[in-house]
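The primary structure of each chain is shown beneath.
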Amino acid sequence: MAERPPAPDAGAFLTEAQDVIERYASSVSALSAELRVPGKEASPDLLNAVFREVHSLKGLSALFGADRLAELGHVAEDLLEGLRMGRLAFSDDAEEILVELIDGFQGLLGEGGKVSLARAEAADSLERKIRDLLERPRAGHNEPMEIADPMLRQSLTSYEAHRLLENSKSGFDLFLARKSFDLALFHDELSELSTVLGELGELIATLPVPEQSKGDTISCDLLFATQKQRWEIETLLAGRNVDLRPVGKPEGPPRREEAPEPGAPLQTVRVDIRRLDQLMETAGQLGLSRQSLSELATQLRTQRLPAELLSRLLLEVRRLERRSEELQESILQTRLVSLSQLFDRAARVVRAVARESGKSVELLASGGDVRLDKLIVEALSDTLMHLLHNALDHGIEPPEARSAVGKPAKGVVRLLAEQHGSQVVISVADDGRGVDRQKIVRVAVERGLLEESAVAALSTRELLGLVFVPGFSTAKDASLLSGRGVGLDVVKTDVARLSGFIDLESEPGVGTTVRMTLPVTLALLQGLIVEVCNRRYAIPVNAVWEVLPKATLGAAMKRREMVVPVVRLAELFALDGGADRDERFVVVVGPGEGKIGLAVDEVRGHQALIIKPLSTVLGPVRGIAGLSLLNTGTPLLVLDIGALVDEAGALFAATASRATRVVSAG
Amino acid sequence: MAGERLLVRCAGKLCGLEVPLVREVIRPLPVAELPRVPKFVMGAVSHRGEAFPVVDLATLVGLGSCEMLPSSRMVVVQMPQGRLGVFVESVEGVGGRPEARDVDLEAALEIALTK
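To start, this report covers the structure provided alongside it. (Residues numbered from 1 in each chain as written. Chains lettered and ligands numbered in written order. Predicted model: local features only at pLDDT ≥ 70, side-chain atom pairs only at ≥ 80, totals over all residues. Heavy atoms only, no water.)

1. A short note on the pairing of strand 13 (residues 535-540) of chain A
Looking down a regular strand, the side chains alternate between one sheet face and the other.
All names here are of chain A.
For step 1, the next point in the chain: Counting buried positions along strand 13 gives five out of six residues, so the element sits mostly inside the fold.
For step 2, the next point in the chain: Relative to strand 13, strand 12 (residues 525-532) runs antiparallel, the two sharing six bridges. When the bridges of strand 13 are listed, Val 530 appears paired with Tyr 537.
For step 3, the next point in the chain: Between strand 12 and strand 13, which pair antiparallel and follow one another directly, the connecting turn spans two residues, one of which, Cys 533, has a positive phi of 50°.
For step 4, the next point in the chain: Here two bridges tie strand 13 to strand 22 (residues 635-639), and the two strands are oriented parallel to one another. Within the sheet, the bridge partner assigned to Tyr 537 lies in strand 22 and is Leu 637. (Buried < 20%, exposed > 50% of the residue type's maximum accessible area, 1.4 Å probe, protein only. Helix = DSSP H or I, 4+ residues; strand = E, 2+ residues; numbered from the N terminus. Pairing = 2+ DSSP bridges.)

2. Observations concerning the nonpolar core
For step 1, the next point in the chain: Formed by 68 residues in total, the largest nonpolar core has its most connected members in Leu 598 and Leu 639 of chain A together with Leu 57 and Leu 105 of chain B.
For step 2, the next point in the chain: Looking at this core element by element, the count peaks at five residues for strand 6 (residues 73-79) of chain B.
For step 3, the next point in the chain: When residues no more than four places from it in sequence are discounted, the contact partners of Leu 57 of chain B are Val 8, Cys 10, Cys 15, Leu 17, Cys 66, Val 86, Phe 87, Val 88, Val 103 and Leu 105 of chain B.
For step 4, the next point in the chain: Within the second largest apolar cluster, 50 residues are counted, among which are Leu 384, Val 413, Val 495 and Leu 498 of chain A. (Core = buried A, V, L, I, M, F, W, Y, C linked by side-chain atoms within 4.5 Å. Contact = heavy atoms within 4.5 Å.)

3. Concerning empty space enclosed by the protein
All names here are of chain A.
For step 1, the next point in the chain: Applying the stated rule across the entire model yields one cavity of 30 Å³ or more.
For step 2, the next point in the chain: Reported here for the largest cavity is a volume of approximately 80 Å³.
For step 3, the next point in the chain: Surrounding the largest cavity, 13 residues form its lining, Ser 499, Pro 540, Leu 639, Ile 641 and Gly 642 being those nearest its centre.
For step 4, the next point in the chain: Looking at the lining of the largest cavity, the elements that each hand over two or more residues are strand 22 and helix 19 (641-654).
For step 5, the next point in the chain: Its residues assigned to classes, the lining of the largest cavity shows eight nonpolar, four polar and one charged. (1 Å grid on protein atoms, 1.4 Å probe; cavity = no way out; pocket = protein on both sides within 12 Å on 5 of 7 lines; lining within 4 Å. Points joined across faces, edges and corners; volume = space filled by probe spheres on them. Nonpolar A, V, L, I, M, F, W, Y, C, P; charged D, E, K, R; others polar.)

4. Remarks on the side chain of Ser 46 of chain B
For step 1, the next point in the chain: Checked against the element boundaries, Ser 46 of chain B lands in strand 4 (residues 41-47).
For step 2, the next point in the chain: When near neighbours in sequence (up to four residues on either side) are disregarded, Ser 46 of chain B contacts Leu 627 and Leu 629 of chain A together with Leu 29 and Ala 51 of chain B.

5. Some points on the sheet that holds strand 1 (residues 173-182) of chain A
Residues and elements named next belong to chain A.
For step 1, the next point in the chain: Strand order in the open sheet formed by four strands is 2-3-1-4, and the pairing between neighbours is antiparallel. Because the sheet does not close on itself, it has two edges, and the strands there are strand 2 (201-208) and strand 4 (243-246). Averaged over all adjacent pairs, the angle separating strand axes in this sheet is 25°, with direction ignored.
For step 2, the next point in the chain: Relative to strand 4, strand 1 runs antiparallel, the two being bridged by four bridges. Considered in strand 4, the bridge of Arg 178 is made with Asp 243.
For step 3, the next point in the chain: Against the sheet, helix 9 (residues 230-237) engages strand 1, strand 3 (217-226) and strand 4, with an angle of about 165° to strand 4. (Axes fitted to C-alpha atoms, helices over the stretch in contact; angles between N-to-C directions.)

Have a look at this one:
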């Protein structure tokens, strides 16, 4: 008797299925974008990608007993199979169904084991739509043809055969290019030739020719379709030792149907991100060993060793250093993922919210190819959606209101990601009504966040900053989607947890921009090392704007038309002997409009740091984000700049009038 | 008897720690001094890829403070809220000794933190 498989891990299923659905959504959205170009057909690559994801989702759901999801996946697979094999025309209906399937899958997944009636009905109706579509035969697809060349007929998968026939029907010529590759260079040379042929048209298949492969050479036939003349191709391939021959036009009825293959398998593995952390840790320790080796080698220099041995030792130590850096860098790269999935989700959210609220909104996104640590991208998802909800709910006005003030009826939300060195700035900008400053003041006073008398002294930034204060929310009527009782204070905390900061700018009637500044990764951060009272701290360099020599220390200084409050780290941390110091440097840190200066004794250069968050067994330590190990093995505290900026801001506000005097005097 | 204890010495006195909490006993590591924390917190260390605070057991239970001796050790314990280092003057072994003072770390931390 076969044993039952071990109880499936529901959490792993959810994560994995979620990933598959996200990838599906992303491919569908790329497909839609492609179809929007007039005269353009759905590209086989994208259709394959969509097919692959549905195929995985079906398999995964069946494995974990999510039967309803597996069933929908199965029907969706039929649809894609029809589209892929050309049995079905790619109509608007088909595209719409592919888009609706995103929510369909998502809905069934979200419900877990029990499926509500509403979800089940939605799935039923989707399945009906697909079946209707599948009944509709494709016009002009009823004249079957067969590939003339018997070798090809036997070697091609049905999908490849289909591509061959489609290309032939579109009037493309088909060729086989045969080449013998040197075994040692096979991989590179083949991919190079594939690229060249792909540029001529479509590379349909690569078929090995065993009888021609002898000794150290391996021979392949590359089947491709092109509109180019034979002499053009031959000119292009001249000197490549490629033997070109045309493939006969297809004719007659096909004789057989082969089981389709779900495209080529992707060459990827899934890795628990904690394993990457461990790898990073090991690479870091390798760095420590390298350091010790290098010190030993330096000591040996005085030991009258043969010069040749010593120089080889030193060379190897240098190589080890380079390799361990490369190792860290590679591990880092494997953690990075592009923002595209997040951006795709953003597009769906904007569509959905716009539909619900009856607003007309266009999302202009750019920078989806910017790459960030997977952990950051995941943690950012809810935050970003929250900001988009805000932009649509509170920013963009209804069409009539927009027309009334002379704006185009269609609102615009811009989602932009840009990389600046080791940091990424992600902004959400709307061209809506802007933040109502009077309303902010009213609400803040009502909720006891602000004294009425203090209002006049507030700068624009301080006033706008009130929206990030816990307990503040300007949402009067909670919409279906954004009314989850989550305020911007949570967004701010979430961003701070990622060693980032958030900033809001708003112009009444013109729009609002929220900007998040985040590190590319939390795994390896460049840190500026500072010293106060003989204690060293690291400041993430993505938070550092400039380092100034401190001439005289006022409570604030003016930099580029901005008042920057200066706090003495020694005083803030209540360090022994911190009372009467004369610091030499001010490190300006913090978000765009909320910078502060940290006065420190010394600046000791910067270093790549692996940062570990500090265990909160004793509760969080204010102002400390984590700990890193220096090459010498001594631990180093990493400052939480977001928290220090807030703390300094509060201190500064308490003595605002005094500080302002200092500024005007200086 | 309520089970065996890890017998440790702090400020010269014998104390017992709950064995199931103990992950390992290591030689003292270099400590980064944490700002604005109670006196019983010696600082933070990084060990096996994790960063956690270290407390002086003697200060925590009100016995003064632990001296740094050649026999000094750091006991790494796993509390429900996370990992913690406990600095002691020596580790005497596992067992039950009537004169050993029983330390309930969780309760001791809670009391010390609310002070």
